[in-house]
Each structure stands twice: as C-alpha cells, then as structure tokens.
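Spelled out, the chains give:
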Amino acid sequence: MHSLRVRAGVLGLALLAALSAPTTATAAQAAPVPTVEEQRLDQAVPREILARSGFDAVAPRLARLLADAHSYAQARRVVVREGTALWRRAVDRAQGRGPAGGDLSRDDDRPLYWARLAMTRHLRTWEPEFGLGDARRDALLDSLERTSRGQTGIGYPHTGGLKRILVTGFDPFTLDRDIRISNPSGATALALDGTVVQTADGPARVETAVFPVRWQDFAESTVERTLRPYLPRVDLFATVSQGRVGRFDVERTNGAWRGGFPDNENIGRTETVPVTDPAAAPQWTVTTLPYAAIVAADTGRFPVYDNTGVTEIPAGGTDPVVRPDGPTAGSVARAGGGGNYLSNEIAYRATLLRDRLGLHERLPGGHVHTPVLQFAAGNTTEVTDPEFVRNRLDIVAQVRAILAVAAGE
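All of these numbers come straight from a predicted model, not from anything done at the bench.

Engineer: Explain the environment of Val-234 to me, please; I cannot follow it from the model alone.
Structural biologist: In this structure, Val-234 sits in the loop between helix 10 (222-227) and strand 4 (236-242). By relative accessible area, which is 1% here, Val-234 ends up buried. For the pair formed by Val-234 and Gly-255, sequence separation is 21 residues and the distance between their alpha carbons is 24 Å. Excluding residues that lie within four positions of it along the chain, Val-234 makes contacts with Tyr-156, Arg-164, Leu-166, Arg-362 and Leu-363.

Engineer: Help me understand the sheet that holds strand 13 (residues 332-335), please; the structure alone is not making it clear to me.
Structural biologist: The strands making up a sheet are joined through hydrogen bonds of the backbone, oriented either antiparallel or parallel. Strand order across the open sheet formed by 3 strands is 12-11-13, with antiparallel pairing between neighbours. Among the strands making up the open sheet, the edge pair consists of strand 12 (321-323) and strand 13. Looking at each pair of strands side by side, their axes are set apart by 40 degrees on average, direction ignored. Judged from the 3 bridges that link them, strand 11 (residues 310-313) and strand 12 form a sheet pairing that is antiparallel. Bridge pairing in strand 12 links Glu-312 to Val-321.

Engineer: Just to check I follow, could you spell out the nonpolar core for this structure?
Structural biologist: When a protein is soluble and globular, its nonpolar side chains tend to lie buried together. Counting 40 residues, the largest nonpolar core has Leu-66, Trp-114, Leu-123 and Leu-140 as its most contacted members. Every element with two or more residues in this core is listed here: helix 3 (44-51), helix 4 (58-67), helix 5 (72-94), helix 6 (110-125), helix 7 (134-148) and helix 8 (184-192). At 9 residues, helix 5 tops the list of elements feeding residues into this core. Excluding its chain neighbours within four sequence positions, the residues that come into contact with Leu-140 are Tyr-72, Ala-75, Arg-76, Val-79, Leu-123, Trp-126 and Leu-132. If you look at the next biggest cluster of nonpolar residues, it comprises 25 residues, including Ile-165, Val-197, Leu-236 and Ala-406.

Conventions and cut-offs
Residue positions are given per chain, counting from 1 as you read along its sequence in written order. Only residues with pLDDT of 70 or above have their local features reported here, since the model is predicted, and side-chain atom pairs are shown and tallied only from 80 upward, although totals for entire chains, interfaces and linings are computed over all residues. Hydrogens and water molecules were not included; the side-chain quantities draw on all heavy atoms of the structure. Only DSSP runs of H or I with at least four residues qualify as helices, and only runs of E with at least two residues qualify as strands; both kinds are numbered from the N terminus onward. Note on classification: 1.4 Å probe, protein chains only; a residue is buried when its accessible area is under 20% of the maximum for its type, exposed when over 50%, partly exposed between these limits. Residues count as neighbours in contact if any of their non-hydrogen atoms are within 4.5 Å of one another. One requirement defines pairing of two strands: DSSP has to find at least two bridges between them. Every angle, taken between N-to-C directions, lies between 0 and 180 degrees, and every axis is a line fitted to C-alpha atoms, over only the stretch in contact when it is a helix. Buried residues of nine kinds, namely Ala, Val, Leu, Ile, Met, Phe, Trp, Tyr and Cys, make up a nonpolar core once their side-chain atoms join them within 4.5 Å.

Right, dumping it as structure tokens:
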C-alpha cells in the first residue's frame, strides 16, 4: 500500500555536526506521519461515530497487542487477526449479531471505515523495538487493509444448487465536503456478506468486499488481485457504488479513462486507466448484467435506469462528445456511463478481467450505481437522523432485490 514518508535532518547538535561535515553525515529518517485520510480522524465527527458504535476501542486494542510483539512475524499475526476481526465485527453488527456497542444504527458503514483508519494510522506511525523498514511496514499495512475489507475472507460453501454472487462496495468519500458522509455501497457489502438471497432460479449465496477510494490502490491492481480467484467460480458479480440523487443506474458501458477528481488522499489522476498489457486493453467494456430485466422489475422505491450514455473523443476527432446511446467505433473514452471516477474504474477493471478470463459469454457482471444517501432536509450537523437511516436501509434492500432479479435470469 502507498504510505507517506518524510525526511528530516538530525535535530539539535547532530544537525549542527552534519552541517559542519557534509561529506560524512547522513540524514536520519523521521518517524512516519499519518496520511491525509488518517488525519481526518482528529475531527469531532469521526470520534463521535466511533464512540457511538463502540468501535473506538479497536485501535487501542491493536496498539496494546503490537506493543507485546517482539518480532515482525508476531506483528504480522496480530495485524491479520485484528484486521479479520474488524471485518467480522462490522458484518455481525450490520446483520444484528452481537452487541450494537452504542446508539448508532447497526446498518451504518462508517464505524468500519473510521476504525480501519485508526488502525492504519497507529500501524503507520508505530516504531517497534525490533525495527521496521518501509517494505515490511507496507506489507503489514497491506495485510490490514485486505483483511479488514473482507478481501481475504471470500468463501462459498460447497452446497449443491446454491448459486454464487460476488458484490463489492466502497468507502465513504468527498469527506472534505461533508465529514459525515456514509456510502450505501459499503453498507450494502456489510449487510449482504454471507447471506442467501432467493431468486427465481433458486437460492444464491452472496460474498462481499469493500475497496478504498484511492487512485494508487487501483493502479496497484487491488481489484484484480481480489477478484481474479473468484470470477471463474461465481454465477454473477456486481460492483456497486454511490451515484446519482434519487435513482439507481445499471451502467451499460465503462470507459478506460481517469477524469482526475480527487480521491480520499486529495490526489487526482487524469490518464488512461493503468492496467496490465495496456496495448491490448480496449477503450470500452460492457455490462453482462441482465439490465432489461432489472429495469423492468419492481425492486424498491427508487427508479432504476439502463444508463447507456458515455463521453468519447470520436475517431479522428480531438474534442469530447457526449453520446446518449453508447460509444461509436474507434472512439477514445473520456467517461463511461458511470463517469470517470473510481466507480467507473472498478467496473472497467472487473469487466475487463471477466473478458480476459474468457468469461464474457457465461458470466453476468457489471456496475450498479445506488442513489446518493441523503440526510433529512435541514440536518447539516448531526451524524445521523431517522430519514438518513431509512434511506440507507431502503437502498440496501433494493440492491438485494436487484441481485435476486439478476441472479434469477
């Protein structure tokens, strides 16, 4: 995982000595500092969310256990165990198992997000007695990220006749606009992980994982690494993210372009989506979800659209053009139906992986955008309200219904 490092000169007399003997002095590495994303933990809203869910004890527990670790191997065991436990605790809370830990509604995805950041911040700045180089620290952070996102816990029972569905969600994002934001796709992942949905073609088991809103993680193939072992074994997959106000969209086409909107580290990327074997990567990929059946079904209170629009540079052209009915031959992508942010990118990467694995003709898969999760009118300060909770529960229920329709076709 990407981590921030700062370099500083030796302090005090050591600095003076270094200045007087520049040919022999070496700079010492200062302690690592938290990322932009982790620094938001110091605000009041994340602290309130953690306290009102009981997840404020997660990072202190990790700190105590790491303090007792006397080797890298011990530290790695602690990190894997605690990351896995965080994911299971968040899933259990969302599905009504175990104590709620506070008065924040169980369907809330934000305790998982902020607790993970509290854990990664401690791990990033931890200085053990046995020493920890950059590579090993990054490996620990990677293990913590993957285990606490459910990426290493995907597993389907061998029960005959049980279909397999794989669903992904995202962390909250645009937090500098509103630190209170929740992501209904992340809440969906917690609510559905390990559950069974009834379809017209029989029961289907759902497994889920959550991804970060960070360009660099996607460039490092976090999506492909997570999905590759499972796509050949599932009957349907859906990448899910928060999209437009008041509507669901099944995105017909995904584009190979990053539009530059800042991620959770306040970093933007404007470039072609970086994938392996880029010369063989298409400008566009398409959904194989049964979009017509999904749109026609009564799945919940929000309307569902088959979104066919894209933005392209036509063959031989230089300027972007909006096409309501999909791309034209030979065009260059500037936005898929789902835009050119990380929701479009996860859809592009997952469907490109599907196609590269030779699964296009047999595996339904693609992207679903949920409605924007909104607070009650007038609520500009409180971290939750009844309408906010109702909206999230309705979105989650409708995603479940959409999956049941799609898997039953």
